[in-house]
Amino acid sequence: MRIDLTLLERRLDELYAIGAEPDGGAYRPLYGEAWAVACDRVEHWMREAELTVHRDAVGNVWGRLEGSGGGKPVVTGSHIDTVRRGGRLDGALGIVAGLGAVQALEAAYGAPQRPLEVLVVCEEEGSRFNTNFWGSRAIVGAIQSGEADRWRDPAGVTLAQAMRERGLDPSQIPAAARSDLDAFVELHIEQGSVLESAEVALGVVTTIAGGVHLQVTVSGRADHAGTTPMDLRLDALVGAAAMVEAIAHCAAVEGRPAVATVGKLRVEPDQINVVPGRVVFTVDLRHAALEACRNLTQGIRGICETLATERGLGLEIATLHERPPVPMHADIRTAIEAAASEDDVTTMALVSGAGHDAQILASRCRVGMLFVPSNDGRSHCPEEATDRSDLELGTRVLARTLHQLAY
Ligand SMILES: [Zn+2]
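Residues numbered from 1 in each chain as written. Predicted model: local features only at pLDDT ≥ 70, side-chain atom pairs only at ≥ 80, totals over all residues. Heavy atoms only, no water.

Draft legend 1. Looking closely at the overall build of the chain. A count of helical and extended segments in the chain gives 12 helices and 14 strands. Scaling as 2.2 N^0.38, a compact globule of 407 residues should have a C-alpha radius of gyration of about 22 Å, and the chain matches this with 23 Å. A principal-axis box enclosing the C-alpha atoms of the chain has dimensions of 80 × 50 × 40 Å. A burial count over the chain gives 54% of its 407 residues as buried. Sequence separation of 24 or more characterises 78% of the internal contacts of the chain that already satisfy a separation of 6 or more. Total accessible area on the chain stands at roughly 17,100 Å², and carbon and sulfur atoms take up 49% of it. Of the side chains in the chain, 38 bear a positive and 56 a negative charge, and the two mean positions are spaced by 4 Å. (Helix = DSSP H or I, 4+ residues; strand = E, 2+ residues; numbered from the N terminus. Rg over C-alpha atoms; globule rule 2.2 N^0.38 Å. Buried < 20%, exposed > 50% of the residue type's maximum accessible area, 1.4 Å probe, protein only. Contact = heavy atoms within 4.5 Å. Areas by Shrake-Rupley, 256 points an atom, 1.4 Å probe, with all protein chains shown as cover. Lys, Arg positive; Asp, Glu negative; His and termini not counted. Charge placed at Lys NZ, Arg CZ, Asp CG, Glu CD.)

Structure below.
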């Protein structure tokens, strides 16, 4: 079996040029012009490869290679949308490699026994609306009725309007649901530096991390910055700063893959000459097991309460969002491992800290993911890159995995 690396790279370049931004990177927001051109381009490649193409009600593109024995399809692919100034590989690699893998398999072994499908997921990134996983949620039938009218982009356009502009009918969304899928395998860049630092070229995802979003409000007292002695202050920001430090420490002590990030912080009244009276900040915590996620959350709550009490500050912690971890299916992990060993490729088991469509599709079929290294761990930026040899290796192991599952 031969992977056409030149074709793979050319297709990645073509997609990256669609929605190119003046200061680098590409932006392909859901149902935008660049998004539509990119979907058309992939559809064209699918037709060239003689796949049967179908677009579902939300605009996911499916390319199907029939299986001689029928049965439920084995699916591979990824998302076509990008963040602003997105890189060349996030999402695009899974699509281009998935198509390349199916083409390589057909060339080498002819028709599969089970149907093979290449999936272009219309949206995963929340690229235009606050709707992460719009494409995969449609596939598992998890979009609530009325959702398309609720979401608005920054310009005020509803998701339903945006769909109509692309010739899609929001009332048909339930028709995108599929109950006939056997497996979904996605090749993705790691978007971190675990593989690179371990000098391993292929990661097998064990679990997509669960997470908790907290909102912490620290209340003190706004006072004159010149007249209030240090010992008489209730400075909310000084208290919050201690909490931020302690939160990072909690996750660091817990060890990998636990992570905790304070990414947003608002100071009130936000004046140079006023002691901060109130600070509101967010915490994003992630871990591989639900129990561990909860323990970490408890630990963070406890330490923030202690710090607030010591300083005479008020404290409120609200849970904004809780998402359980999603384990990858043992069968698919085994198939990936077996595929890698056929090629004498060393693998590393790792937890995905980022969310992926596989976590949504897991409710309908067996799912698994392979990661290739991200140079310097960079992603969601124009510097996003992976060595050519790793792109080839990832695509080859993906193809062998599909071979295990569909032939
Ligand atoms: Zn992605």
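Draft legend 2. Geometry of the nonpolar core. Of all hydrophobic cores here, the largest spans 75 residues; its most connected members are Tyr31 and Trp134. At 10 residues, the largest contribution of residues to this core is made by helix H3 (residues 92-109). Discounting residues that sit within four places of it in the chain, tyrosine 31 has contacts with Val58, Cys122, Arg128, Trp134, Leu159, Ala162, Met163, Arg166 and Leu168. The next biggest cluster of nonpolar side chains, apart from the first, holds 25 residues, and it includes Ala236, Met243, Val279 and Leu296. (Core = buried A, V, L, I, M, F, W, Y, C linked by side-chain atoms within 4.5 Å.)

Draft legend 3. Inspection of the pairing of strand S5 (residues 183-189) at higher detail. Counting buried residues in S5 gives seven out of seven residues, a clear majority hidden from the surface. Covered by surrounding structure in S5 are Ala183, Val185, Leu187 and Ile189 together with Phe184, Glu186 and His188, the residues of both alternating faces. Both strand S3 (residues 74-79) and S5 contribute to a ladder of three bridges, which runs parallel. Bridge pairing links valine 74 to alanine 183 in S5. Pairing between S5 and strand S14 (residues 366-372): seven bridges, direction parallel. Counterpart to glutamate 186 in the pairing with S14 is methionine 369. (Pairing = 2+ DSSP bridges.)

Draft legend 4. Quick look at the packing of aromatic side chains. All chains considered together, the criterion is met by two aromatic pairs. Taking 5.0 Å as the distance between ring centres and 80° as the angle between the ring planes, the aromatic pair formed by tyrosine 31 and tryptophan 35 counts as edge-to-face. The class of tyrosine 31 is buried, set by a relative accessible area of 1%. Tryptophan 35 gets classed as buried once you look at its relative accessible area, which sits at 2%. The aromatic ring of tryptophan 62 is capped on one face by arginine 178, whose charged end is 4.4 Å from the ring centroid. (Phe/Tyr/Trp six-rings, centres within 6.5 Å; stacked < 30°, edge-to-face > 60°. Lys NZ or Arg CZ within 6 Å of the ring centre and 35° of its normal.)

Draft legend 5. Highlighting the state of the cysteines. Within this structure, the stated rule accounts for zero disulfides. With no disulfide of its own, cysteine 39 lies closest to cysteine 122 among cysteine sulfurs, the gap being 7.7 Å. Judged by its relative accessible area of 0%, cysteine 39 is buried. Free of any disulfide, cysteine 365 has its nearest cysteine sulfur in cysteine 122, 16 Å distant. Looking at cysteine 365, the relative accessible area reads 10%, which means it is buried. (Disulfide = S-S within 2.5 Å.)

Draft legend 6. View of the environment of glutamine 144. Position of glutamine 144 among the secondary structure elements: in the loop between helix H4 (134-139) and helix H5 (147-150). Distance in space between the C-alpha atoms of glutamine 144 and arginine 64 is 28 Å, their sequence separation being 80 residues. Polar side-chain contacts of glutamine 144 include one of 3.4 Å to the side chain of arginine 150. (Polar contact = N/O pair within 3.5 Å; in protein donor to acceptor, adjacent residues only side chain to side chain.)

Draft legend 7. Structural view of the layout of surface pockets. Space inside the largest pocket adds up to approximately 1,300 Å³. In terms of residues, the lining of the largest pocket owes the most to one element, strand S13 (residues 347-352), which gives four residues. Grouping the constituent residues of the lining of the largest pocket by class yields 15 nonpolar, 20 polar and 10 charged. (1 Å grid on protein atoms, 1.4 Å probe; cavity = no way out; pocket = protein on both sides within 12 Å on 5 of 7 lines; lining within 4 Å. Points joined across faces, edges and corners; volume = space filled by probe spheres on them. Nonpolar A, V, L, I, M, F, W, Y, C, P; charged D, E, K, R; others polar.)

Draft legend 8. Fine view of a negative patch on the surface. On the surface, a cluster of negative charge is made up of Glu196, Glu199, Asp376 and Asp387. Along the chain, the position of glutamate 196 falls in helix H7 (residues 194-198). For glutamate 196, a relative accessible area of 32% gives the class partly exposed. (Patch = residues over 30% accessible without salt bridge, like charges linked within 9 Å, V, L, I, M, F, W, Y side chains within 5 Å. Salt bridge = Lys/Arg side-chain N within 4 Å of Asp/Glu carboxyl O.)

Draft legend 9. Just the coordination of the zinc ion, in detail. Around the zinc ion, the donor atoms from the protein are His79 (NE2), Asp90 (OD) and His188 (NE2), and they sit 2.0 to 2.2 Å away. Take histidine 188: its relative accessible area is 1%, and that puts it in the buried class. (Donors = N, O, S within 2.8 Å, 3.2 Å for Na, K, Ca; no water.)

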